[in-house]
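Listed here are the chains, written in short residue letters.
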Amino acid sequence: MPSRLLTHLPHSLQRCGLALMACFCALLTGCTTDRASLATGPKIRLQVGDIKEISMATRADTTWQLTATSDNQEVVDVSRKQPVAATGGPPASTPGPAVFLLKGVTVGTARVVFSEKQLGATGDGQVKKTYTVVVSSK
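(A) Focus on the side chain of S115. Relative to the helices and strands, S115 is located in strand β6 (residues 108–118). One polar contact links the side chain of S115 to the main-chain carbonyl oxygen of D124, over a distance of 3.1 Å. Here S115 is in contact with Q65, L66, T67, D124, G125, Q126, V127 and K128, once residues within four sequence places are set aside.

Laid out in structure tokens, this is it:
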């Protein structure tokens, strides 16, 4: 009986070691994912109070909507610039690129994600572009 236990011991130790290694790798990736994802995409540098316009091509199909979100609204405020008619009247409904305004609110770093999805669809949609925005003091 003891010899039978010894033959299974190395195999069980190998499985335990693999399980521990997998947990360590998962923990390591979980800790670094946020920083790695923050470092992706082109960088935009702003100072507190500065506003930068970003134009993004839209689909001709009006059943799709383009959105932009900041993962840290305390650092970067994102809004969509509304087109204005030439006469100063109601907004124009001409097709063309969508213009978004990125405003530096406080010092820090934020990730701004532009995505599109069909109207009425749930979820975040398909990512078109991601920017890393670094806001510094004046």
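(B) Layout of the side chain of E116. The topology assignment puts E116 in strand β6. Engagement of the side chain of E116 in a polar contact is seen with the side chain of R59, the distance being 3.1 Å. Among residues more than four places away in sequence, those in contact with E116 are R59, W64, Q65, L66, G125, Q126 and K128.

(C) Geometry of the pattern of salt bridges. Summed over all chains, the structure comprises three salt bridges. Between E53 and K81 there is a salt bridge whose closest N-O contact spans 2.8 Å. Residue E53 is found in strand β2 (residues 51–56), and its partner K81 is found in strand β4 (residues 76–81); the two are separated by 28 residues along the sequence. A residue is classified by how much of its surface remains accessible, and K81, at 39% relative accessible area, is partly exposed. Across the pair E116 and R59 runs a salt bridge, and its minimum N-O distance is 3.1 Å. Placement of the pair is E116 in strand β6 and R59 in the loop between β2 and β3 (64–70), with a sequence separation of 57 residues.

(D) Broad picture of the sheet that holds β2. Within the open sheet, the three strands sit side by side as β2-β5-β4. Their pairing is antiparallel. The outermost strands of the open sheet, each flanked by one partner alone, are β2 and β4. Averaged over all adjacent pairs, the angle separating strand axes in this sheet is 25 degrees, with direction ignored. Bridge analysis of β4 against strand β5 (residues 98–104) gives six bridges, and the strand direction is antiparallel. Along β5, the bridge assignment pairs R80 with F100.

(E) Looking closely at the environment of I44. Relative to the elements of secondary structure, I44 occurs in strand β1 (residues 43–47). Each C-alpha atom of the pair I44 and T132 lies 6.2 Å from the other, and the pair is 88 residues apart in sequence. Contact partners of I44, with chain neighbours within four places excluded, come to K52, I54, L102, Y131, T132, V133 and V134.

(F) View of the packing of aromatic side chains. This model, assessed by the stated rule, comprises two aromatic pairs. Aromatic pair F100 and F114: ring centres 5.2 Å apart, planes at 75 degrees, arrangement edge-to-face. With a gap of 14 residues between them, F100 in strand β5 and F114 in strand β6 connect regions that are remote in the sequence. For the pair shown, F100 and F114 are each scored as buried. Seen in terms of ring centroids, F114 and Y131 are 5.8 Å apart; in terms of plane orientation they differ by 85 degrees. Their pairing is edge-to-face. Placement of F114 in strand β6 and of Y131 in strand β7 (residues 126–136) is noted, with a sequence separation of 17 residues between them. Comparing F114 with Y131, the two get one shared label, buried.

What counts, and at which threshold
Residues numbered from 1 in each chain as written. Predicted model: local features only at pLDDT ≥ 70, side-chain atom pairs only at ≥ 80, totals over all residues. Heavy atoms only, no water. Helix = DSSP H or I, 4+ residues; strand = E, 2+ residues; numbered from the N terminus. Polar contact = N/O pair within 3.5 Å; in protein donor to acceptor, adjacent residues only side chain to side chain. Contact = heavy atoms within 4.5 Å. Salt bridge = Lys/Arg side-chain N within 4 Å of Asp/Glu carboxyl O. Buried < 20%, exposed > 50% of the residue type's maximum accessible area, 1.4 Å probe, protein only. Pairing = 2+ DSSP bridges. Axes fitted to C-alpha atoms, helices over the stretch in contact; angles between N-to-C directions. Phe/Tyr/Trp six-rings, centres within 6.5 Å; stacked < 30°, edge-to-face > 60°.

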